[in-house]
Amino acid sequence: TQLLEQSPQFLSIQEGENLTVYCNSSSVFSSLQWYRQEPGEGPVLLVTVVTGGEVKKLKRLTFQFGDARKDSSLHITAAQPGDTGLYLCAGARRQAGTALIFGKGTTLSVSS
Amino acid sequence: DSGVTQTPKHLITATGQRVTLRCSPRSGDLSVYWYQQSLDQGLQFLIQYYNGEERAKGNILERFSAQQFPDLHSELNLSSLELGDSALYFCASSATGTSADTQYFGPGTRLTVL
């Protein structure tokens, strides 16, 4: 059973379109992180959200943490080919130590 | 560049063999994590060390072991390899090893077991 469910698993869109990726769980997390991973490289941290209801913006990317700290979303406005990659959400649960629990990821392909 | 280095980048070996993966954390980071990434399971936490001591254990098989040395570099040893062990193995490091820390990932080692 996957603790963090990401959807959709794959997304193929045209440049300029908007998209939202979801990360859902039945568990509460003390924080949730979003990573982007390119082929042949390790995940790179985009953002960490720690407060229920928190919204963070990073240029064209908007991240939201659910009020109950069980879910999160990543919205990309006007996607560009450079946004192509694997987007991973990862949750930290204080009672489980410091291990991050990762979703399986959303593979995004943006074509021009 | 995250500052975390991993060697080798690629490793091809046969079933039943033993391999060692190496990781050097970012300068100043005391904690090292090992993850396994496969297509069907995604990124799975294996084990964490902090300043030479094991801190947390995840889905690490008994055939696998790890250690962190006094200079803070870490090694992941995989023995009696099976086809299913083929995966990307990532090392990450963080400053203090707490849940509030940012983990910085290395470029990974791609292990292929034939």
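Located above this text is the structure these notes cover.
Each chain carries its own residue numbering, running from 1 in the direction its sequence is written. Whichever chain is written first becomes A and whichever ligand is written first becomes 1, with later ones labelled in order. Whole-chain, interface and lining totals are the exception, using all residues; otherwise, since this is a predicted model, local features are given only for residues with pLDDT of at least 70 and side-chain atom pairs are given and counted only at 80 or more. Heavy atoms throughout the structure, all of them, feed into the side-chain values; hydrogens and water do not.

With that settled, consider the nonpolar core. Here, nonpolar core means buried Ala, Val, Leu, Ile, Met, Phe, Trp, Tyr and Cys residues that are tied together by side-chain atoms lying within 4.5 Å of each other. Each residue is placed in one exposure class: buried if its accessible area under a 1.4 Å probe, protein chains only, is under 20% of its type's maximum, exposed if it is over 50%, and partly exposed if it falls in between. One finds Leu19(A), Leu32(A), Trp34(A), Leu74(A), Ile76(A) and Leu108(A) to be the most contacted residues of the largest nonpolar core, which totals 21 residues. A helix here means a DSSP run of H or I that spans at least four residues, while a strand means a run of E at least two residues long, and both kinds are numbered starting from the N terminus. For this core, the secondary structure elements donating two or more residues are strand E3 (19-24), strand E4 (31-37), strand E5 (44-49), strand E7 (61-65), strand E8 (71-76), strand E9 (85-92) and strand E11 (106-111) of chain A. Formed by 20 residues, the second largest nonpolar core is a distinct cluster that contains Tyr49(B), Leu76(B), Leu81(B) and Ala87(B).

All names here are of chain B. The sheet built from four strands is open, its strands ordered E1-E3-E8-E7 with antiparallel pairing. Among the strands making up the open sheet, the edge pair consists of strand E1 (5-7) and strand E7 (64-68). On average, each strand axis in the sheet is tilted by 15 degrees relative to the strand beside it, whichever way the strands run. As judged from the five bridges shared by strand E3 (residues 19-24) and strand E8 (residues 74-78), these two strands associate in the antiparallel manner. Paired with Arg22 across the strands is Glu75, a residue of E8. Two strands qualify as a pair provided that DSSP identifies no fewer than 2 bridges between them. Axis lines are fitted to C-alpha atoms, over the contacting stretch for helices. Their N-to-C directions set the angle, which ranges from 0 to 180 degrees.

On to the sheet that holds E8(A), then. Residues and elements named next belong to chain A. The five strands are arranged E1-E3-E8-E7-E6 in an open sheet whose pairing can be described as antiparallel. Looking at which strands have only one partner, the edges of the open sheet turn out to be strand E1 (5-7) and strand E6 (55-58). Pairs of neighbouring strands in the sheet enclose a mean axial angle of 15 degrees, with direction left out of account. Across four bridges, E6 lies against E7 in antiparallel orientation. By the bridge assignment, Lys56 is partnered in E7 with Phe63.

To continue, consider the packing of aromatic side chains. Geometry of an aromatic ring pair is reported as the spacing of the ring centres plus the angle between the planes. Aromatic contacts are taken between Phe, Tyr and Trp rings whose centres are within 6.5 Å, Trp giving its six-membered ring; a plane angle under 30 degrees counts as stacked, one over 60 as edge-to-face, and the others as tilted. Following the criterion strictly, the structure yields nine aromatic pairs over all chains and no others. Judged by centre distance (5.5 Å) and plane angle (85 degrees), the ring pair of Tyr35(A) and Phe105(B) falls under edge-to-face. Of this pair, Tyr35(A) sits in strand E4 while Phe105(B) sits in strand E10 (residues 104-105), on two different chains. No difference in accessibility class separates Tyr35(A) from Phe105(B), as the two residues are buried. Taken together, a centroid distance of 6.0 Å and an interplanar angle of 85 degrees make the contact between Phe102(A) and Phe105(B) edge-to-face. Taken as a pair, Phe102(A) in strand E10 (residues 100-102) and Phe105(B) in strand E10 lie in two separate chains rather than in one. Judged by its relative accessible area of 2%, Phe102(A) falls in the buried class. Here the aromatic cluster, defined as three or more aromatic residues joined through ring pairs, consists of Tyr35(A), Phe102(A), Tyr35(B), Phe45(B), Phe90(B) and Phe105(B). Think of it as a cone above the ring: NZ of Lys or CZ of Arg counts as a charge over the ring if it is within 6 Å of the ring centre and within 35 degrees of the ring normal. In this structure, Arg26(B) is placed above the aromatic ring of Tyr104(B), and the distance from its NZ or CZ to the ring centre is 3.7 Å. Just above the ring of Tyr50(B) sits the side chain of Arg55(B); from NZ or CZ to the centre is 4.3 Å.

Such coordinate-based values are descriptive only and should not be taken to indicate function.
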